[in-house]
Amino acid sequence: MVRHAGIASGVIAVIVVVALLAPWVAPYDPIAQPDIIGLKNLAPSFSHPFGTDSFSRDVLSRCIYGARISLSVAALATAIAITLGTLYGAIAGYVGGAVDAVLMRIVDAALSIPRVLLLIAILALWNGLPLWLLIVVLGATGWFGLSRMVRAQVLSMRELDFVAAARALGASGPRILFRHILPNVLPTIIVAATLGVGHVIILEAGLSYLGLGVQPPSASWGSIIQDGADQIGAAWWISLFPGLLIVTTAIACNALGDALRAAFDPRETAVTMAELDS
Amino acid sequence: MTDPLLSVSDLRTYFHDGGVVARAVDGVSFDVAAGETVAVVGESGSGKSVTALSILRLIRPPGRIETASSIKFQGRELLQLSDGEMRTIRGNRIAMIFQEPMSALNPVLTVGEQIAEVVRVHTDASRHDAWERAVEMLALTGISAPRERASEYPHQLSGGMRQRVMIAMALVLKPALLIADEPTTALDVTIQAQILELLQRLQEQLGMAVLLITHDLGVVAEVADRVVVMYGGEVVERATVTELFEAPQHPYTEGLMSAMPRLDRDTERLVTIPGVVPPSTAWPSGCRFRDRCSYAWDRCATEHPPLYSVGNEHESRCHLAVEPLRRSESHTPSTVRVGAGS
């Protein structure tokens, strides 16, 4: 398990570093169209490892720059989702009573609508959504499940002795929630964030493939797949390489999330926890 | 006598659940003077812990402190303070320590942070000053290498050390009153003695009063000045510690005494009080102890006994106080004998 986590975080680290260093790593300008006829749809070769697309752009360079969009959309949307879900669930769990009942029925209702369907509906109504708004929409639809988990944990922790002790020593409600309870919920939040990033990468790719996500001239891995989709038989490399990157990144995020969940789970051996500590 | 530090009078804490009312604390009164140790003794279900939580107003719904109750602390009526004012008293003027030193500490904060936090909640001390006071306080509780210990997490400490940390948290602001709810129950015997000694030493150094909640008469004999015996949500006997141990008046107190192993008597078997505390939703009519009492007669079923004065600062809630001759008429259901086993 821990070795999986090592490989997964290694893969994620490499992709993140390459994305950050894109201007220095990418062999070509991702939007330059040097020879739209002569260099069009070249198969992978030494000078163009991932080939070129129908506008003679270098697919490798486009994938490297696309990683910046894909990863930052996923990371920011997940950050929004985590913040909303944690706050919402924590308030429901800590306040309890009627407030909790109402908040959780709202979440039940939201969870009953498939997320992809909801996103397609929102994005289709909004033609040509700016990138930041796409991030907000992805984040705002991704926190329902987490809020339930956080709520359940806060609810059970509210009655623990150290919370009673903090109250007996004069701590206020918000202080107890944010300083004493939420740090104890952190493992759940970290696992949810890791899994969430993998999920959003796939979701954003799917939406971009449908033309609803990232809009040109920005390109994410999903929109690069879309570029090559109508000539997949003739120039398979345009869609294949960004597709592999999506699969690899998503698998790495899921593997890391699972490993973290196993490590934080008290039923797992203490050895795993200790190894994670070091 | 000057005004007591804490004066609880006619405290009633009821739990309302649907149509059922559990009268967990039902008309309890007692005083604690500055600097003294008062022990509240009783078995599980007698209402002693609810009394302690009521003083700090930590009763959560469906529990409620009924309106006629009064808790005066340093001349102020606690039951009339706002929630914000009450928070400035908790941990600052009245502090509390709990039974389980493991679960009463937050596992994800270092012990130093937890002590310093109490300082930062109640004063405008800087982070650094609060930390220094935490270290100082740890040193005062007899923890060696307090500066190193302060940066450790609760799971790195032993049970006795954790209880010292709890004490440091409670006493860092030098409260006038410490409520200790079974502070030594979860500890093994040698550590128990050390913790009691520590509490007594700190009590003298800081000049605070201690309200000790316990079921352990051995602890009471060792540290208390005065004793309040609770049964069925009521005070059944109140006396100085010497009076209580020399001449217990209430049959329940007598029962507690004979259930305690003693070195000065050659008994092979310990005596138990038959039965259990009745549920607080249905106290018996008349005397609440009569079902388990070996002296009970018809008056006990019809007339709820008041607290009779039976000596200097000694009161007992038993009709034997006015009909002392009945004491010779012990009968069954009397004490059941069981093996002293462990």
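Predicted model only: the values in this text are computed from it and were never measured.

Chemist: Can you lay out the overall build of chain A for me, pointing to particular residues and giving the numbers?
Modeler: Secondary structure assignment for chain A yields 12 helices and zero strands. Projected onto the principal axes, the alpha-carbon positions of chain A cover approximately 75 × 45 × 30 Å. Buried positions account for 43% of the 278 residues belonging to chain A. Across chain A, contacts joining residues at least 24 apart in sequence account for 70% of those joining residues at least 6 apart.

Chemist: Go over the overall build of chain B, please, and point to the residues and values.
Modeler: Along its length, chain B carries 11 helices and 15 strands. Its C-alpha atoms give chain B a radius of gyration of 21 Å, within 12% of the compact-globule value 20 Å for 342 residues. Expressed as a percentage of its 342 residues, the buried residues of chain B come to 46%. Across chain B, contacts joining residues at least 24 apart in sequence account for 66% of those joining residues at least 6 apart.

Chemist: Explain the sheet that holds strand β8 (residues 177–181) of chain B to me, and be specific about the residues and the numbers.
Modeler: All names here are of chain B. With mixed pairing, eight strands are arranged side by side in an open sheet as β7-β8-β9-β3-β10-β11-β14-β13. In this open sheet, the two edge strands, each paired with only one partner strand, are β7 (94–97) and β13 (308–311). Across the sheet, the mean angle separating the axes of adjacent strands is 20° when strand polarity is ignored. Note: strand β3 (residues 37–41) against strand β9 (residues 209–214), five bridges, orientation parallel. Bridge assignment links Val 41 to a residue of β9, and that residue is Thr 214. Those strands touched by helix α6 (residues 159–171) are β7 and β8, and its axis lies near 170° from that of β7.

Chemist: Break down the interface of chain A and chain B for me, citing the residues and quoting the values.
Modeler: Taken together, the 13 residues of chain A in the interface contact 22 residues of chain B. Those elements giving two or more residues to the side of chain A that touches chain B turn out to be α8 (161–168) and α9 (173–209) of chain A. The greatest single-element share of the side of chain A that touches chain B, amounting to five residues, is contributed by α8 of chain A. Here the side of chain A that touches chain B is composed, by residue class, of seven nonpolar, four polar and two charged.

Chemist: So what's going on with the packing of helix α3 (residues 59–95) of chain A against helix α4 (residues 97–111) of chain A? Residues and values would help.
Modeler: Residue and element names in this part refer to chain A. Direction vectors running N to C along α3 and α4 enclose 145°, while the axes themselves pass 7 Å from each other. Between α3 and α4 lies a crossing whose hand is left-handed. Note on element contacts: α4 touches α3 through Gly 97, Val 99, Asp 100, Leu 103 and Met 104, opposite Tyr 88, Ala 92, Gly 93 and Val 95. For the contact of α3 with α4, a count of residues per class yields six nonpolar, two polar and one charged.

Chemist: Which residues make up the environment of His 4 of chain A, and what values do they have?
Modeler: All names here are of chain A. Residue position: His 4 is located in helix α1 (residues 2–20). By C-beta crowding, His 4 is classed as partly exposed, having 14 other C-beta atoms within 10 Å. Taking the C-alpha atoms as reference, His 4 lies 33 Å from Pro 30; in sequence the two are 26 residues apart. Contact partners of His 4, with chain neighbours within four places excluded, come to Ala 255 and Ala 259.

Chemist: Give me helix α1 (residues 48–55) of chain B: which residues, what numbers.
Modeler: Given 3.6 residues per helical turn, the α-helix brings residues three or four places apart onto the same face. All names here are of chain B. A large share of α1 lies buried, amounting to eight of its eight residues. Residues Lys 48, Ser 49, Val 50, Thr 51, Ala 52, Leu 53, Ser 54 and Ile 55 constitute the buried set of α1. At the exit of α1 stands Arg 57, carrying a positive phi of roughly 55°.

Chemist: Talk me through the nonpolar core; I want residue IDs and the actual numbers.
Modeler: With 170 residues, the main nonpolar core has Cys 63 of chain A together with Ala 134, Ala 170, Val 172, Leu 177, Ile 179 and Leu 211 of chain B as its most contacted residues. The contact partners of Ile 179 of chain B, leaving out residues within four places of it in the chain, are Ala 52, Ile 55, Leu 56, Ile 94, Met 96 and Leu 211 of chain B.

Chemist: Outline the confidence of the model for chain B, supporting the account with residue identities and numerical values.
Modeler: Residue and element names in this part refer to chain B. Summary statistics for chain B give a mean pLDDT of 85 and a share of 94% for residues scoring 70 or more. Long-range and interchain partners of residues 334–342, a stretch whose pLDDT sits below 50, account for 16 contacts in this model, where long-range means more than four residues apart. The ipTM value of the predicted complex is 0.78, and its pTM value is 0.78.

Chemist: Explain the pairing of strand β1 (residues 6–17) of chain B to me, and be specific about the residues and the numbers.
Modeler: Put simply, side chains in a regular strand alternate between the two faces of the sheet. Residue and element names in this part refer to chain B. In this structure, β1 lies alongside strand β2 (residues 20–32), joined through 10 bridges in antiparallel fashion. Paired with Asp 17 across the bridge in β2 is Val 20. Counting the residues that bridge the hairpin from β1 to β2 gives two residues, and of these Gly 18 lies at a positive phi of roughly 60°. Sheet topology note: the β1/strand β5 (residues 70–73) ladder contains four bridges and is antiparallel. Bridge assignment links Ser 9 to a residue of β5, and that residue is Ser 70. In this sheet, strand β4 (residues 63–65) lies alongside β1 in antiparallel orientation, the contact comprising three bridges. In the strand pairing of β4, Tyr 14 is matched with Arg 64.

Chemist: Run through α6 of chain B, naming residues and quoting values.
Modeler: Residues and elements named next belong to chain B. Between the first and last C-alpha of α6 there are 18 Å, a value that for 13 residues agrees with the 18 Å anticipated at 1.5 Å per step. Counting buried positions along α6 gives 12 out of 13 residues, so the element sits mostly inside the fold. If you check which residues of α6 are buried, you get Gly 160, Met 161, Arg 162, Gln 163, Arg 164, Val 165, Met 166, Ile 167, Ala 168, Met 169, Ala 170 and Leu 171.

Chemist: So what's going on with the environment of Leu 256 of chain A? Residues and values would help.
Modeler: All names here are of chain A. Tracing the chain through its elements places Leu 256 in helix α11 (residues 237–264). On the basis of neighbour count, Leu 256 is assigned to the buried category, with 24 C-beta atoms found within 10 Å. The spatial distance from the C-alpha of Leu 256 to the C-alpha of Tyr 94 is 30 Å, given a sequence separation of 162 residues. Setting aside residues no more than four positions away along its own chain, Leu 256 makes contact with Ala 5, Ala 8, Ser 9, Ile 12 and Thr 194.

Chemist: Account for the pairing of β9 of chain B, naming residues and giving values.
Modeler: Residue and element names in this part refer to chain B. Within β9, six of the six residues are buried, leaving the element largely enclosed by the surrounding structure. In β9, alternate side chains face the same way, and those of Ala 209, Leu 211 and Ile 213 on one face and Val 210, Leu 212 and Thr 214 on the other are all buried. Sheet analysis places β8 next to β9, joined by five bridges and oriented parallel. Counterpart to Leu 178 in the pairing with β9 is Val 210. Read as a crossover between parallel neighbours, the route from β8 over helix α7 (residues 189–206) to β9 is right-handed.

Cut-off values and rules
Residue positions are counted from 1 within each chain, in the order its sequence is given. Starting at A for chains and at 1 for ligands, labels are handed out in the order in which the entities are written. Owing to the predicted nature of the model, reporting of local features is limited to residues with pLDDT of at least 70; listing and counting of side-chain atom pairs is limited to 80 or more, with chain, interface and lining totals taken over all residues. Under the scheme used here, helices are H or I runs from DSSP no shorter than 4 residues and strands are E runs no shorter than 2 residues, and both carry numbers assigned from the N terminus. Exposed residues have 12 or fewer other C-beta atoms within 10 Å of their own C-beta, buried residues have 20 or more, and partly exposed residues fall in between, where C-beta atoms are placed from the backbone. Residue pairs qualify as contacts under a 7 Å threshold applied to their C-beta atoms, which are placed from the backbone. Note that the radius of gyration is over C-alpha atoms, with the globule rule given as 2.2 Å times the number of residues to the power 0.38. Pairing between two strands requires that DSSP report at least two bridges joining them. Structural elements are reduced to axes, namely lines fitted to C-alpha atoms, with helices fitted over the stretch in contact, and the angle between N-to-C directions of any two is expressed from 0 to 180 degrees. By the convention adopted, Pro, Cys, Tyr, Trp, Phe, Met, Ile, Leu, Val and Ala count as nonpolar, Lys, Arg, Asp and Glu as charged, and the other residues, Gly among them, as polar. Rotating anticlockwise by less than a right angle from the far helix to the near helix defines a left-handed crossing, while the corresponding clockwise rotation defines a right-handed one. In plain words, the nonpolar core is the set of buried Ala, Val, Leu, Ile, Met, Phe, Trp, Tyr and Cys residues that C-beta atoms within 7 Å link up. The pLDDT value tells you how sure the predictor is about a given residue, anywhere from 0 up to 100. Every helix has an expected span of 1.5 Å times one less than the residues it contains. Crossovers are described as right-handed under a simple rule: with the strands pointing away from the observer, the path leading from the first strand over the helix to the second runs clockwise.

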